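# Structure at a glance
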Amino acid sequence: MIENLFFMNGYGLYVWSAFSFTLFSFLTLFLVIKIQYNKEKNKFIAKFGSLSSKRAAFAKSQSINKEILSNTSNI
Amino acid sequence: MFKYFEPNKIFSITSKAPKYVLFLFIVILSIGLTEALILSPEDYKQSHSVRIMYVHVPAAWISLGIFSAITFLSIVGYIFKIRNFFLIAKSLAPSGLVFNIIALVTGSIWGKPTWGTWWAWDARITSMLILALFYIMYLVAWRIFEDKDKVFKVTSIITILGIINVPIIKYSVDWWNTLHQPASINILSKSSIHISMLFPLMTMTAAFALFSLLIFLMKYNTELIKIKNKGLDRL
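Residues numbered from 1 in each chain as written. Chains lettered and ligands numbered in written order. Predicted model: local features only at pLDDT ≥ 70, side-chain atom pairs only at ≥ 80, totals over all residues.

### Here we look at the overall build of chain A
- A tally of regular secondary structure across chain A gives 4 helices and 0 strands.
- Beginning at the N terminus, the succession of helices and strands in chain A can be written as α-α-α-α.
- For 75 residues, the compact-globule estimate of 2.2 N^0.38 gives 11 Å, and the C-alpha radius of gyration of chain A, at 23 Å, exceeds that figure by more than 25%.
- Expressed as lengths along the three principal axes of its C-alpha atoms, the size of chain A is roughly 70 × 15 × 15 Å.
- Buried positions account for 20% of the 75 residues belonging to chain A. (Helix = DSSP H or I, 4+ residues; strand = E, 2+ residues; numbered from the N terminus. Rg over C-alpha atoms; globule rule 2.2 N^0.38 Å. Buried ≥ 20, exposed ≤ 12 C-beta atoms within 10 Å, placed from the backbone.)

### Things to note about the packing of helix 5 (residues 123-144) of chain B against helix 6 (residues 148-163) of chain B
All names here are of chain B.
- Look at helix 5 against helix 6: their axes get within 9 Å of each other, and the N-to-C directions meet at 175°. What the angle tells us is that helix 5 and helix 6 run roughly antiparallel. Packed against helix 5, whose contacting residues are Leu131, Phe134, Met137, Tyr138, Ala141 and Trp142, the element helix 6 presents Val151, Val154, Thr155, Ile158, Thr159 and Gly162 at the interface.
- Grouping the constituent residues of the contact of helix 5 with helix 6 by class yields 9 nonpolar, 3 polar and no charged. (Axes fitted to C-alpha atoms, helices over the stretch in contact; angles between N-to-C directions. Parallel < 35°, antiparallel > 145°, perpendicular 65-115°, else oblique. Contact = placed C-beta atoms within 7 Å. Nonpolar A, V, L, I, M, F, W, Y, C, P; charged D, E, K, R; others polar.)

### Observations regarding the confidence of the model for chain A
- Confidence in the prediction for chain A averages 86 pLDDT; 93% of positions are at 70 or higher.
- Averaged over each element, pLDDT in chain A is lowest for helix 4 (residues 63-69) of chain A (76) and highest for helix 2 (residues 12-49) of chain A (95). (pLDDT = per-residue confidence, 0-100.)

### So, the nonpolar core
- Judged by nonpolar contacts, the single largest core of 67 residues is most densely connected at B:Ile52, B:Ala59, B:Ala89 and B:Phe99.
- Those elements that place two or more of their residues in this core are helix 2 and helix 4 of chain A together with helix 2 (17-39), helix 3 (53-80), helix 4 (83-115), helix 5, helix 6 and helix 8 (195-234) of chain B.
- Not counting residues up to four positions away in its chain, the partners in contact with B:Ala59 are B:Phe99, B:Ile102, B:Ala103, B:Thr106 and B:Phe208. (Core = buried A, V, L, I, M, F, W, Y, C linked by C-beta atoms within 7 Å.)

### Remarks on the interface of chain B and chain A
- Across the contact, 38 residues belong to chain B and 36 residues belong to chain A.
- Residue assignment for the side of chain B that touches chain A shows that the elements contributing at least two residues are helix 1 (7-14), helix 2, helix 4 and helix 8 of chain B.

If you want it as C-alpha coordinates, here you go:
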(Lines give C-alpha, C1' and ligand atoms only; values in the text may rest on other atoms or scores of the structure.)
Protein backbone atom coordinates (compact mmCIF):
# COMPACT_ATOMS: atom_id res chain seq x y z
CA MET A 1 0.00 0.00 0.00
CA ILE A 2 2.69 2.51 1.13
CA GLU A 3 5.05 1.34 -1.61
CA ASN A 4 2.30 1.78 -4.21
CA LEU A 5 1.59 5.29 -2.90
CA PHE A 6 5.23 6.28 -3.41
CA PHE A 7 6.08 4.49 -6.66
CA MET A 8 2.64 4.52 -8.39
CA ASN A 9 3.56 1.93 -11.02
CA GLY A 10 6.63 3.93 -12.02
CA TYR A 11 4.80 7.27 -12.24
CA GLY A 12 5.57 8.30 -8.63
CA LEU A 13 8.40 10.63 -9.58
CA TYR A 14 6.17 12.60 -11.98
CA VAL A 15 3.15 12.71 -9.68
CA TRP A 16 5.07 13.64 -6.53
CA SER A 17 7.19 16.26 -8.28
CA ALA A 18 4.02 17.92 -9.71
CA PHE A 19 2.35 18.01 -6.30
CA SER A 20 5.57 19.10 -4.54
CA PHE A 21 6.11 21.94 -7.02
CA THR A 22 2.52 23.12 -6.48
CA LEU A 23 2.79 23.10 -2.69
CA PHE A 24 6.24 24.71 -2.79
CA SER A 25 4.86 27.50 -5.01
CA PHE A 26 1.98 28.03 -2.57
CA LEU A 27 4.32 28.25 0.40
CA THR A 28 6.73 30.62 -1.39
CA LEU A 29 3.93 32.97 -2.52
CA PHE A 30 2.35 32.93 0.94
CA LEU A 31 5.67 33.79 2.62
CA VAL A 32 6.54 36.54 0.11
CA ILE A 33 3.14 38.23 0.57
CA LYS A 34 3.31 37.81 4.37
CA ILE A 35 6.78 39.41 4.48
CA GLN A 36 5.50 42.35 2.36
CA TYR A 37 2.48 42.69 4.66
CA ASN A 38 4.56 42.68 7.86
CA LYS A 39 7.03 45.17 6.35
CA GLU A 40 4.28 47.67 5.49
CA LYS A 41 2.55 47.18 8.83
CA ASN A 42 5.78 47.71 10.80
CA LYS A 43 6.50 50.81 8.72
CA PHE A 44 3.03 52.11 9.54
CA ILE A 45 3.46 51.45 13.28
CA ALA A 46 6.88 53.18 13.28
CA LYS A 47 5.50 56.22 11.43
CA PHE A 48 2.49 56.36 13.73
CA GLY A 49 4.77 56.28 16.77
CA SER A 50 6.72 59.28 15.51
CA LEU A 51 3.59 61.47 15.14
CA SER A 52 2.83 64.23 17.65
CA SER A 53 -0.02 63.42 20.06
CA LYS A 54 -2.38 65.80 18.24
CA ARG A 55 -1.67 64.27 14.83
CA ALA A 56 -1.77 60.75 16.26
CA ALA A 57 -5.21 61.43 17.76
CA PHE A 58 -6.41 62.73 14.38
CA ALA A 59 -4.97 59.72 12.55
CA LYS A 60 -6.54 57.35 15.07
CA SER A 61 -9.96 58.88 14.43
CA GLN A 62 -9.95 56.96 11.12
CA SER A 63 -11.25 53.43 11.72
CA ILE A 64 -8.89 51.88 9.13
CA ASN A 65 -5.82 53.21 11.00
CA LYS A 66 -7.18 51.78 14.24
CA GLU A 67 -7.67 48.42 12.52
CA ILE A 68 -4.08 48.42 11.20
CA LEU A 69 -2.70 49.16 14.66
CA SER A 70 -4.78 46.44 16.30
CA ASN A 71 -3.52 42.86 16.34
CA THR A 72 -6.76 41.46 14.94
CA SER A 73 -5.49 41.93 11.40
CA ASN A 74 -2.59 39.49 11.98
CA ILE A 75 -2.65 36.18 10.15
CA MET B 1 -23.52 50.68 -5.22
CA PHE B 2 -19.77 51.30 -5.69
CA LYS B 3 -19.54 53.07 -2.31
CA TYR B 4 -19.65 49.62 -0.65
CA PHE B 5 -16.27 48.93 -2.25
CA GLU B 6 -14.62 51.81 -0.38
CA PRO B 7 -11.38 50.52 1.20
CA ASN B 8 -12.09 52.23 4.53
CA LYS B 9 -15.37 50.36 4.81
CA ILE B 10 -14.19 46.89 3.82
CA PHE B 11 -10.79 46.84 5.59
CA SER B 12 -12.39 45.70 8.86
CA ILE B 13 -13.58 42.59 6.96
CA THR B 14 -10.54 42.00 4.73
CA SER B 15 -8.13 42.34 7.66
CA LYS B 16 -9.87 39.67 9.75
CA ALA B 17 -10.84 37.27 6.95
CA PRO B 18 -7.38 35.75 6.05
CA LYS B 19 -7.06 33.59 9.18
CA TYR B 20 -10.48 31.99 8.57
CA VAL B 21 -9.76 31.53 4.86
CA LEU B 22 -6.36 29.96 5.73
CA PHE B 23 -8.04 27.49 8.12
CA LEU B 24 -10.67 26.55 5.51
CA PHE B 25 -8.00 26.22 2.82
CA ILE B 26 -5.94 23.79 4.94
CA VAL B 27 -9.03 21.65 5.66
CA ILE B 28 -10.21 21.53 2.00
CA LEU B 29 -6.65 20.99 0.69
CA SER B 30 -6.14 18.05 3.09
CA ILE B 31 -9.37 16.43 1.87
CA GLY B 32 -8.43 17.18 -1.76
CA LEU B 33 -4.91 15.72 -1.43
CA THR B 34 -6.23 12.55 0.24
CA GLU B 35 -8.72 12.06 -2.57
CA ALA B 36 -6.29 12.98 -5.34
CA LEU B 37 -3.34 10.89 -4.16
CA ILE B 38 -4.96 7.95 -2.36
CA LEU B 39 -8.71 7.50 -2.91
CA SER B 40 -9.23 8.33 -6.59
CA PRO B 41 -8.74 5.48 -9.09
CA GLU B 42 -5.93 5.27 -11.62
CA ASP B 43 -6.76 5.76 -15.30
CA TYR B 44 -6.99 2.68 -17.54
CA LYS B 45 -4.70 4.34 -20.11
CA GLN B 46 -2.56 6.83 -18.18
CA SER B 47 -2.34 4.84 -14.95
CA HIS B 48 -1.28 6.93 -11.90
CA SER B 49 0.05 9.83 -13.99
CA VAL B 50 -3.58 10.99 -14.31
CA ARG B 51 -3.29 12.26 -10.71
CA ILE B 52 -1.30 15.25 -12.02
CA MET B 53 -4.63 16.43 -13.47
CA TYR B 54 -5.78 17.30 -9.92
CA VAL B 55 -3.21 20.11 -9.68
CA HIS B 56 -2.77 20.96 -13.38
CA VAL B 57 -6.41 21.55 -14.35
CA PRO B 58 -7.53 23.62 -11.31
CA ALA B 59 -4.39 25.78 -11.63
CA ALA B 60 -5.17 26.47 -15.31
CA TRP B 61 -8.85 27.22 -14.59
CA ILE B 62 -8.07 29.65 -11.77
CA SER B 63 -5.33 31.36 -13.73
CA LEU B 64 -7.81 32.01 -16.58
CA GLY B 65 -10.54 33.07 -14.15
CA ILE B 66 -8.27 35.55 -12.38
CA PHE B 67 -7.12 37.13 -15.65
CA SER B 68 -10.74 37.52 -16.76
CA ALA B 69 -11.60 39.13 -13.39
CA ILE B 70 -8.60 41.48 -13.65
CA THR B 71 -9.72 42.55 -17.14
CA PHE B 72 -13.30 43.15 -16.00
CA LEU B 73 -12.17 45.17 -12.97
CA SER B 74 -9.71 47.21 -15.05
CA ILE B 75 -12.29 48.08 -17.73
CA VAL B 76 -15.06 48.94 -15.23
CA GLY B 77 -12.55 50.80 -13.05
CA TYR B 78 -11.32 52.80 -16.02
CA ILE B 79 -14.80 53.68 -17.33
CA PHE B 80 -16.31 54.61 -13.95
CA LYS B 81 -13.03 55.94 -12.45
CA ILE B 82 -13.11 53.53 -9.48
CA ARG B 83 -9.55 53.40 -8.18
CA ASN B 84 -10.33 50.60 -5.74
CA PHE B 85 -11.13 48.25 -8.65
CA PHE B 86 -7.54 48.71 -9.87
CA LEU B 87 -6.30 47.92 -6.37
CA ILE B 88 -8.39 44.73 -6.30
CA ALA B 89 -7.13 43.78 -9.78
CA LYS B 90 -3.51 44.42 -8.77
CA SER B 91 -3.96 42.26 -5.65
CA LEU B 92 -5.36 39.37 -7.71
CA ALA B 93 -2.46 39.28 -10.19
CA PRO B 94 0.30 37.53 -8.11
CA SER B 95 -1.79 34.42 -7.44
CA GLY B 96 -2.96 34.42 -11.08
CA LEU B 97 0.65 34.36 -12.29
CA VAL B 98 1.66 31.63 -9.82
CA PHE B 99 -1.29 29.45 -10.90
CA ASN B 100 -0.31 30.03 -14.54
CA ILE B 101 3.25 28.88 -13.80
CA ILE B 102 1.94 25.85 -11.87
CA ALA B 103 -0.27 24.92 -14.86
CA LEU B 104 2.71 25.18 -17.23
CA VAL B 105 5.17 23.27 -15.02
CA THR B 106 2.79 20.48 -13.97
CA GLY B 107 1.63 20.23 -17.60
CA SER B 108 5.22 19.78 -18.64
CA ILE B 109 5.73 17.07 -15.98
CA TRP B 110 2.52 15.34 -17.13
CA GLY B 111 3.62 15.61 -20.77
CA LYS B 112 6.75 13.50 -20.29
CA PRO B 113 5.05 10.17 -19.35
CA THR B 114 1.97 10.84 -21.52
CA TRP B 115 3.35 12.34 -24.75
CA GLY B 116 7.02 11.45 -24.29
CA THR B 117 8.17 15.07 -24.20
CA TRP B 118 8.54 17.82 -21.58
CA TRP B 119 7.49 20.58 -24.00
CA ALA B 120 5.72 20.97 -27.33
CA TRP B 121 4.67 24.14 -29.17
CA ASP B 122 1.11 22.91 -28.99
CA ALA B 123 -1.65 25.58 -29.39
CA ARG B 124 -2.85 25.35 -25.79
CA ILE B 125 0.61 25.26 -24.18
CA THR B 126 1.78 28.18 -26.29
CA SER B 127 -1.33 30.26 -25.55
CA MET B 128 -0.91 29.53 -21.81
CA LEU B 129 2.70 30.71 -22.06
CA ILE B 130 1.46 33.91 -23.74
CA LEU B 131 -0.97 34.40 -20.85
CA ALA B 132 1.95 34.15 -18.40
CA LEU B 133 3.73 36.88 -20.40
CA PHE B 134 0.65 39.11 -20.11
CA TYR B 135 0.58 38.52 -16.34
CA ILE B 136 4.27 39.49 -16.16
CA MET B 137 3.70 42.61 -18.30
CA TYR B 138 0.77 43.59 -16.08
CA LEU B 139 2.79 43.24 -12.85
CA VAL B 140 5.85 44.96 -14.35
CA ALA B 141 3.66 47.91 -15.46
CA TRP B 142 2.60 48.45 -11.84
CA ARG B 143 6.28 48.60 -10.84
CA ILE B 144 7.45 50.83 -13.70
CA PHE B 145 4.86 53.60 -13.77
CA GLU B 146 4.66 55.98 -10.83
CA ASP B 147 1.83 58.13 -12.18
CA LYS B 148 -1.52 56.58 -11.17
CA ASP B 149 -3.51 57.67 -14.25
CA LYS B 150 -0.80 56.32 -16.54
CA VAL B 151 -0.59 52.97 -14.73
CA PHE B 152 -4.40 52.59 -14.82
CA LYS B 153 -4.36 53.24 -18.57
CA VAL B 154 -1.40 50.96 -19.34
CA THR B 155 -2.64 48.04 -17.21
CA SER B 156 -6.12 48.33 -18.76
CA ILE B 157 -4.62 48.13 -22.26
CA ILE B 158 -2.52 45.10 -21.25
CA THR B 159 -5.56 43.28 -19.87
CA ILE B 160 -7.72 44.12 -22.94
CA LEU B 161 -5.01 42.74 -25.23
CA GLY B 162 -4.47 39.73 -22.95
CA ILE B 163 -8.15 38.80 -22.72
CA ILE B 164 -8.18 38.10 -26.49
CA ASN B 165 -5.94 35.15 -25.64
CA VAL B 166 -8.38 33.63 -23.09
CA PRO B 167 -10.97 32.26 -25.61
CA ILE B 168 -8.02 31.10 -27.73
CA ILE B 169 -6.79 29.01 -24.76
CA LYS B 170 -10.29 27.65 -24.13
CA TYR B 171 -11.10 26.70 -27.74
CA SER B 172 -7.57 25.91 -28.99
CA VAL B 173 -8.28 22.18 -28.56
CA ASP B 174 -11.33 22.46 -30.84
CA TRP B 175 -9.88 24.88 -33.43
CA TRP B 176 -6.53 23.18 -33.97
CA ASN B 177 -5.09 19.70 -33.93
CA THR B 178 -3.34 19.69 -30.57
CA LEU B 179 -1.80 17.17 -28.20
CA HIS B 180 -4.42 18.16 -25.62
CA GLN B 181 -7.69 16.26 -25.58
CA PRO B 182 -11.00 18.18 -25.94
CA ALA B 183 -12.70 19.36 -22.71
CA SER B 184 -13.92 16.51 -20.47
CA ILE B 185 -16.02 18.80 -18.28
CA ASN B 186 -18.92 20.75 -19.74
CA ILE B 187 -21.23 23.00 -17.77
CA LEU B 188 -24.02 22.96 -20.38
CA SER B 189 -23.80 19.33 -21.48
CA LYS B 190 -22.91 15.96 -19.92
CA SER B 191 -19.30 15.66 -18.73
CA SER B 192 -17.28 12.67 -19.89
CA ILE B 193 -15.29 12.42 -16.64
CA HIS B 194 -16.33 9.83 -14.04
CA ILE B 195 -17.64 11.06 -10.68
CA SER B 196 -14.75 9.29 -8.85
CA MET B 197 -12.36 11.67 -10.65
CA LEU B 198 -14.67 14.67 -10.83
CA PHE B 199 -15.07 14.86 -7.04
CA PRO B 200 -11.32 15.18 -6.22
CA LEU B 201 -10.95 17.58 -9.14
CA MET B 202 -13.67 19.85 -7.76
CA THR B 203 -12.30 19.60 -4.20
CA MET B 204 -8.83 20.63 -5.38
CA THR B 205 -10.37 23.46 -7.42
CA ALA B 206 -12.15 24.70 -4.28
CA ALA B 207 -8.86 24.50 -2.32
CA PHE B 208 -6.98 26.44 -5.02
CA ALA B 209 -9.76 29.05 -5.17
CA LEU B 210 -9.49 29.49 -1.40
CA PHE B 211 -5.72 29.90 -1.69
CA SER B 212 -6.11 32.62 -4.33
CA LEU B 213 -8.68 34.33 -2.07
CA LEU B 214 -6.20 34.15 0.83
CA ILE B 215 -3.37 35.66 -1.21
CA PHE B 216 -5.71 38.30 -2.63
CA LEU B 217 -6.82 39.38 0.87
CA MET B 218 -3.24 39.53 2.18
CA LYS B 219 -2.03 41.49 -0.85
CA TYR B 220 -5.04 43.84 -0.79
CA ASN B 221 -4.46 44.60 2.92
CA THR B 222 -0.77 45.25 2.18
CA GLU B 223 -1.71 47.69 -0.60
CA LEU B 224 -4.17 49.51 1.69
CA ILE B 225 -1.55 49.86 4.44
CA LYS B 226 0.89 51.18 1.82
CA ILE B 227 -1.65 53.89 0.90
CA LYS B 228 -2.21 54.72 4.57
CA ASN B 229 1.58 54.98 5.04
CA LYS B 230 1.64 57.67 2.36
CA GLY B 231 -1.32 59.33 4.12
CA LEU B 232 0.66 59.53 7.38
CA ASP B 233 3.52 61.26 5.49
CA ARG B 234 1.08 64.00 4.45
CA LEU B 235 -0.16 64.63 8.00
